[in-house]
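For reference, the chains in residue letters:
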Amino acid sequence: MNSIRTTCPYCGVGCGLQMDSKSSELLGDTQHPANGGRLCVKGSALAETLGSQSRLLQPRVDGLLASWDHATSEVAKRLEKTLKRYGPESVAFYVSGQLLTEDYYVANKLIKGFLGSANIDTNSRLCMSTAVAAHKRVFGSDTVPGCYEDLELADLVVLTGSNMAWTHPVVFQRLMAAKQQRPEMTIVVIDPRRTVTAEQADLHLQIAPGSDVWLFDGLLAYLGTHDALDRQYIDQHTNGMDDMIAASQARSGNLGEIAGRCGLTAEELAAFYQKFAQTQSTVTVFSQGINQSAHGVDQASLILYCHLVTGRVGKPGSSPFSITGQPNAMGGREVGGLANMLAAHMDIDNTEHRALVGEFWRSDKLPEKPGLKAVDMFRAVADGKIKFIWIMATNPVVSLPESDTIIRALAGCDHVVVSDCVADTDTLRLAHIQLPAAAWGEKNGTVTNSERCISRQRAFLPLSGQALPDWQIISRVAEKLGYGHAFDYHCAADIFREHAALSGHQNNGSRDFDIGALATLSNAEYDQLTPIQWPVPAHQASVFLTQLQGTSRMLADGRFFTRDGRANVVPVNIPATLDVTDVDFPFVLNTGRIRDQWHTMTRTGLSSRLQRHISEPFVELNPEDMAELNITDGAIVRVSSAQGNCVVRARPQPGQKAGSAFMPIHWNDCFASQARVGALAPSRVDPFSGQPAFKQIPVMLQAVEVDWYALLITRTEQPLPENKYWSRRQMGDWQVVTLAGTEPVSMNTCRTLWGEHVTAWTEVEDDDGEHLRLLGTGENGAQLWFAKAPQPPQIDESWLLDALLAEDAAATSMSMPALLLGIPADQSAQQAGPLVCSCHNVYQSTVMAAIDAGCDEVEKVGSCCRAGTNCGSCIPEIKRLLAENQPAEAEEAVCCH
Ligand SMILES: Nc1nc2c(c(=O)[nH]1)N[C@H]1C(S)=C(S)[C@@H](COP(=O)(O)OP(=O)(O)OC[C@H]3O[C@@H](n4cnc5c(=O)[nH]c(N)nc54)[C@H](O)[C@@H]3O)O[C@H]1N2
Ligand SMILES: Nc1nc2c(c(=O)[nH]1)N[C@H]1C(S)=C(S)[C@@H](COP(=O)(O)OP(=O)(O)OC[C@H]3O[C@@H](n4cnc5c(=O)[nH]c(N)nc54)[C@H](O)[C@@H]3O)O[C@H]1N2
Ligand code: SF4
Ligand SMILES: [Mo]
């Protein structure tokens with residue numbers, strides 16, 4: 001068997017993977033231009049997330065298992081009924097940047113082309129819509145001009161609102177490698193939080209939340225005042241830039257004033273402004289810290305303006321760079337998945353574009369007005385205006401703002417259809433019709449990464465159960481609706497060819513997105529397609545397929561996709577104040593990602609390796625704030641906003657500014673009692689893009705009083721005693737649940753709750769019942785293990801999980817006190833601390849031992865204990881430990897073998 005090449009289903013870096021033909025192992029694809037063989041920890045744990053245990057395997061209609069024929073007929077029937085009764089505006093699709101381009105194209109074609117509704121929007125509204133709006137406003141098209149190599153070539157790399165070390169780890173590794181080669185390269189990180197990314201920077205501007213808008217307005221003014229303008233470029237390629245610069249100069253004030261507003265010192269700010277002014281070769285990467293803001297489009301535009309006035313667009317090592325989050329955020333933009341777009345980067349409110357697409361699809365039903373953007377779409381569901389919604393490849397009950405309202409909206413909606421690949425999500429629980437989608441490894445198609453590179457995802461596994469690729473599900477429904485002629489696709493290649501042909505249709509260089517050259521690929525050529533960056537216009541098609549070049553950079557000639565070819569400079573609104581807090585909600589909550597989890601954990605939550613790095617929902621707080629609020633490390637805390645509540649653990653984090661807090665977005669009702677962070681977020685959106693301001697949520701914090709903390713390890717899901725907090729994770733054969741509460745829990749409580757599968761109990765309880773440990777054994781050995789104490793029980797989890805399994809085989813050889821304590825009898829494994837290296841299972845204590853033994857560089861730590869030697873995702877953390885703990889005088893003989 002030849003090895004199969006495919007693309008990672010997680011982040012927008014779009015790394016290539018290769019299924020090794022001999023070992024069947026999934027490895028980094030050394031030939032993929034994005035990663036050259038590297039993978040991050042999520043990519044290298046992919047094999048652990050496959051398999052059918054947690055999968056949705058058969059359609060269900062109104063709770064009952066159904067055949068595909070019945071399920072798709074029901075979807076069609078309910079759609080038709082709704083359309084007939086309430087018109088096209090009463091139906092909606094809510095889709096995702098995790099669909100493949102082919103799936104996405106078909107979904108968009110069905111609703112916009114044949115159902116006559118523009119109510120299709122995507123989770124990219126929560127993610128990239130600000131960048132899209134800024135690109136379209138300024139460049140006239142949604143064009144990302146640069147590529148990854150630019151970060152390696154640049155003399156100055158500015159990362160703003162990006163925690164790249166954790167969120168785009170392989171690009172970050174490339175950046176770090178370039179920095180090692182050329183130490184003179186400068187990296188500036190702009191982030192209100194001291195992240196692992198910030199720790200690697202030459203300069204970290206720890207700005208006040210949301211103040212990028214002031215910072216970049218000030219930078220534009222500074223470039224004007226300090227003679228740093230590319231006069232010729234401005235004159236030839238932009239409209240209205242001088243007015244814009246003058247306006248910035250008029251309002252920004254002097255450097256000290258700008259710095260004061262942004263929460264910085266004048267020296268820090270001057271250092272950054274000077275460096276930017278002097279460095280022609282500059283890349284500014286922006287991500288969710290910029291996009292997820294109530295003034296996101298304006299601040300993203302300002303970043304583009306700073307690059308335009310210095311002529312730094314689309315040149316090697318010199319470009320603005322909006323880095324995308326999801327694996328196919330770009331593909332979704334290409335097919336027009338946003339409510340205000342049409343297919344192939346065309347606009348729905350453009351008559352010519354509508355005519356062109358209508359003619360191409362042979363349909364006269366195209367809607368004339370944009371549809372509802374995500375937040376408004378779900379508001380219309382809540383108001384009863386939308387009566388049918390089909391949700392595909394996204395989990396809006398977790399990821400949308402005001403998520404408690406979303407639950408109510410869906411619970412009250414007449415028809416909710418959800419296509420997902422797993423059996424249980426917060427959203428699926430509300431579906432009338434559940435449709436099992438093929439998952440990564442089973443699907444065929446294409447995705448486009450952050451640098452416009454189209455790569456194939458290839459199937460290497462058979463379909464699980466009755467799951468089908470999303471495009472097939474949609475096409476079957478289309479057929480039932482009577483549109484079979486327009487959805488008569490036999491394979492993903494059929495759809496891709498159509499999509500490519502539309503991009504080139506009457507294009508002639510008038511639209512940025514053109515992959516016309518790929519419209520004639522044969523099925524075999526599509527199967528063999530190697531990664532290629534768009535545009536690939538049709539005139540390249542005369543060359544043999546293998547010689548197609550693609551385009552690494554765009555817009556370098558200063559010709560934009562506007563009427564006169566010049567960049568538009570649109571005035572921006574500069575907010576007078578950014579403070580979102582008040583007396584009731586005095587903290588600013590920032591939300592985002594952690595290293596080892598992906599979004600709502602439906603897939604990364606299946607890997608025990610990935611659960612070890614950070615295993616519970618938390619709120620990160622400045623230690624001084626914690627002291628003031630009487631919140632201790634690990635305490636249970638209620639985080640409340642005007643919209644809702646969460647109950648999570650407190651984590652001290654000195655890198656968190658006083659008055660601010662950070663929570664991860666990952667935990668939800670499937671994994672914790674009350675940790676859905678979307679419940680806290682208000683529906684405050686950017687006025688142009690409709691993207692929610694997830695990074696600045698006003699909240700209050702309160703310690704939750706609990707009398708006990710407990711840990712339950714069980715083989716099968718068990719009922720829990722009354723509690724104030726729980727969170728659970730799957731660790732191989734075991735489910736680990738952490739709990740805290742006030743209601744008394746005694747031995748009897750446990751026996752009553754869990755007696756069903758247990759034949760023998762081994763237990764210890766102290767006199768006042770505060771400390772309790774028990775082991776329940778059944779026919780197949782250990783069934784459950786429980787510890788309760790006034791403080792969180794300290795155990796050696798890895799050892800205990802192994803010991804519980806071993807105890808099955810040799811019950812007598814295990815030391816029972818050790819097993820009950822959860823700590824090995826010989827005490828050799830001491831508290832290991834957090835897992836640092838997920839690939840080689842190396843805990844902080846081991847890394848510290850290596851450092852103590854004299855390893856003073858990442859590489860030495862690696863050769864001593866293997867940490868950081870596989871995917872490299874933990875290298876920033878090893879560097880931090882090294883920086884915090886100056887090693888003893890290097891005694892190489894001790895540390896390295
Ligand atoms: N491990 C992991 N990686 C992922 C994902 C995942 O779920 N897990 N998801 C993927 C997706 S879809 C996306 S969109 C990307 C997101 O990638 P990123 O945008 O890098 O990730 P976030 O953690 O959302 O936020 C980035 C940073 O913005 C900072 N920030 C908050 N407020 C401000 C502000 O006012 N100004 C500035 N300058 N910064 C601010 C936050 O502190 C945070 O460190 O990650 C992708 N990669
Ligand atoms: N507070 C706050 N909220 C946020 C953010 C934030 O930073 N802060 N970030 C926002 C951003 S940038 C994003 S991208 C969103 C992400 O939020 P979501 O899109 O809601 O999160 P996912 O867990 O990725 O949901 C994807 C779903 O699709 C399923 N799935 C996977 N593959 C397939 C497939 O091939 N077909 C089908 N049909 N289903 C599939 C998965 O099992 C999962 O249930 O969250 C947004 N929400
Ligand atoms: S950086 Fe990691 S998550 Fe992103 S595509 Fe590469 S392997 Fe996948
Ligand atoms: Mo995203």
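So, how was this worked out
- Residues numbered from 1 in each chain as written.
- Chains lettered and ligands numbered in written order.
- Predicted model: local features only at pLDDT ≥ 70, side-chain atom pairs only at ≥ 80, totals over all residues.
- Heavy atoms only, no water.
- Pairing = 2+ DSSP bridges.
- Helix = DSSP H or I, 4+ residues; strand = E, 2+ residues; numbered from the N terminus.
- Axes fitted to C-alpha atoms, helices over the stretch in contact; angles between N-to-C directions.
- Domains from an automatic or database assignment.
- Contact = heavy atoms within 4.5 Å.
- Buried area = accessible area lost by both parts, 1.4 Å probe.
- Salt bridge = Lys/Arg side-chain N within 4 Å of Asp/Glu carboxyl O.
- Polar contact = N/O pair within 3.5 Å; in protein donor to acceptor, adjacent residues only side chain to side chain.
- Core = buried A, V, L, I, M, F, W, Y, C linked by side-chain atoms within 4.5 Å.
- Buried < 20%, exposed > 50% of the residue type's maximum accessible area, 1.4 Å probe, protein only.
- Near = heavy atom within 4 Å.
- Areas by Shrake-Rupley, 256 points an atom, 1.4 Å probe, with all protein chains shown as cover.
- Nonpolar A, V, L, I, M, F, W, Y, C, P; charged D, E, K, R; others polar.
- Phe/Tyr/Trp six-rings, centres within 6.5 Å; stacked < 30°, edge-to-face > 60°.
- Lys NZ or Arg CZ within 6 Å of the ring centre and 35° of its normal.
- Parallel < 35°, antiparallel > 145°, perpendicular 65-115°, else oblique.
- Left-handed = near helix turned anticlockwise from the far one by under 90°.

## A few points about the sheet that holds strand E29 (residues 734–741)
Strand order in this open sheet of six strands is E28-E29-E27-E32-E31-E30, and the pairing throughout is antiparallel. On the outer flanks of this sheet lie strand E28 (725–731) and strand E30 (760–765), each paired with one strand and no other. Pairwise comparison of adjacent strand axes, ignoring direction, gives a mean angle of 10° for this sheet. The pairing of E28 with E29 spans seven bridges and is classified as antiparallel. By the bridge assignment for E29, Arg 728 is matched with Val 737.

## Things to note about the domain arrangement of the protein
By domain assignment, the protein separates into domain 1 (3–49), domain 2 (60–123 + 334–535), domain 3 (129–322), domain 4 (587–703), domain 5 (708–821) and domain 6 (835–884). Each of domain 3 and domain 4 has a C-alpha centre, and these two points are 27 Å apart. Taken residue by residue, the interface counts 25 residues in domain 3 and 24 residues in domain 4. Between domain 3 and domain 4, a total of about 2000 Å² is buried, with carbon and sulfur atoms accounting for 53% of that surface. Three residues stand out in domain 3 for area buried against domain 4, namely Trp 166, Arg 193 and Gln 292, and they jointly supply 37% of the buried area on that side. Where domain 3 touches domain 4, the interface holds one salt bridge. The shortest N-O distance in the salt bridge between Glu 620 and Arg 193 comes to 3.9 Å. In this structure, the connection of domain 3 to domain 4 is made through ten residue pairs in polar contact (both at pLDDT 80 or more).

## Focus: the nonpolar core
In this structure, Phe 93, Leu 110, Leu 215, Phe 272, Tyr 305, Trp 390 and Leu 518 are the most contacted members of the largest nonpolar core, which totals 126 residues. A total of nine residues in this core trace back to one element, the largest contributor, which is helix H15 (residues 296–309). Lining this core are residues from two domains, each supplying at least three of them: domain 2 (60–123 + 334–535) and domain 3 (129–322). Once residues within four sequence positions are removed from consideration, Phe 272 is found in contact with Val 158, Val 188, Ile 190, Leu 203, Leu 205, Leu 215 and Leu 219. Membership of the second largest hydrophobic core comes to 96 residues, among which are Met 330, Leu 430, Ala 431 and Trp 598.

## Quick look at the site of ligand 2
Residues in close proximity to ligand 2 total 31 residues, the closest being Gln 98, Asn 123, Ser 399, Asp 420 and Thr 600. At a separation of 3.0 Å, an oxygen atom of ligand 2 approaches a polar side-chain atom of Lys 443. Here a nitrogen atom of ligand 2 sits 2.9 Å away from a polar atom, N or O, in the side chain of Thr 591. Protein coverage of the free-state accessible area of ligand 2, which is 920 Å², stands at 98%. Taken together, the residues of the shell around ligand 2 sort by class into eleven nonpolar, 14 polar and six charged. No fewer than three residues from each of domain 2 (60–123 + 334–535) and domain 4 (587–703) sit in the shell around ligand 2.

## Considering the packing of aromatic side chains
All told, the structure shown has 16 aromatic pairs when counted by the stated rule. Ring plane angle 45° and centroid distance 5.2 Å describe the contact between Phe 114 and Tyr 483, whose orientation is recorded as tilted. Of this pair, Phe 114 sits in helix H3 (residues 101–114) while Tyr 483 sits in the loop between helix H21 (470–480) and helix H22 (492–504), placing them 369 residues apart in sequence. Classification of Phe 114 by relative accessible area gives buried; the value is 4%. Residue classification places Tyr 483 among the buried residues on the basis of a relative accessible area of 16%. Here a set of aromatic residues connected by ring pairs shows up, and it is made of Phe 114, Tyr 483, Phe 487 and Tyr 489. Just above the ring of Phe 276 sits the side chain of Arg 312; from NZ or CZ to the centre is 4.9 Å. Directly above the ring of Tyr 86 sits Lys 387, whose terminal nitrogen or CZ lies 4.7 Å from the centroid.

## What about the site of ligand 1?
In the neighbourhood of ligand 1, 35 residues make up the surrounding shell, with Asp 191, Gly 210, Ser 287, Arg 593 and Gln 597 lying closest. Between ligand 1 and Thr 167, the relevant distance is 2.8 Å, taken from a nitrogen atom to a main-chain nitrogen or oxygen of the residue. In the environment of ligand 1, a nitrogen atom lies 2.9 Å from a nitrogen or oxygen atom belonging to the backbone of Ile 594. Coverage of ligand 1 by the protein chains reaches 100% of its 900 Å² of free accessible surface. Those elements that provide at least two residues to the shell around ligand 1 are helix H6 (164–167), helix H14 (288–291) and strand E21 (587–592). Across the shell around ligand 1, the residue classes tally to nine nonpolar, 19 polar and seven charged. Here the shell around ligand 1 spans two domains, and each of domain 3 (129–322) and domain 4 (587–703) adds at least three residues to it.

## With respect to helix H4 (residues 129–139)
Counting buried positions over the eleven residues of H4 gives ten, a clear majority of the element. Listing the buried residues of H4 in full gives Ser 129, Thr 130, Ala 131, Val 132, Ala 133, Ala 134, His 135, Arg 137, Val 138 and Phe 139. Residues of H4 that are buried in the fold lie against strand E12 (282–286), H14, H15, strand E13 (319–322), helix H16 (329–335) and strand E20 (567–568). Looking one or two places after H4, you find Gly 140, whose phi comes out positive at around 85°.

## Things to note about the side chain of Asp 29
Mapped onto the secondary structure, Asp 29 falls in the loop between strand E3 (26–28) and helix H1 (41–44). Engagement of the side chain of Asp 29 in a polar contact is seen with the backbone nitrogen of Gln 31, the distance being 2.8 Å.

## As for the packing of helix H9 (residues 212–225) against helix H13 (residues 266–278)
For the pair H9 and H13, the least separation of the axes is 10 Å and the interaxial angle reads 55°. Between H9 and H13, the interaxial angle falls into the category oblique. Judged by the sense of rotation from one axis to the other, the crossing of H9 with H13 is right-handed. Residues Trp 214, Leu 215, Gly 218, Leu 219, Tyr 222 and Leu 223 of H9 touch H13, and the partners they reach there are Leu 269, Phe 272, Tyr 273, Gln 274, Phe 276 and Ala 277. A per-class count over the contact of H9 with H13 returns ten nonpolar, two polar and no charged.

## Some details on the pairing of E13
Across the two faces of E13 the burial is the same, with Ser 319 and Phe 321 and Pro 320 and Ser 322 all buried. With four bridges connecting them, E12 and E13 associate as parallel partners. Residue pairing in the sheet places Phe 286 in a bridge with Ser 322 of E13.

## So, the environment of Asp 364
With respect to the secondary-structure elements, Asp 364 resides in the loop between helix H17 (351–361) and helix H18 (374–382). With relative accessibility at 77%, the residue Asp 364 sits in the exposed group. Between the alpha carbons of Asp 364 and Phe 114 there is a distance of 8.2 Å; along the sequence they are 250 residues apart.

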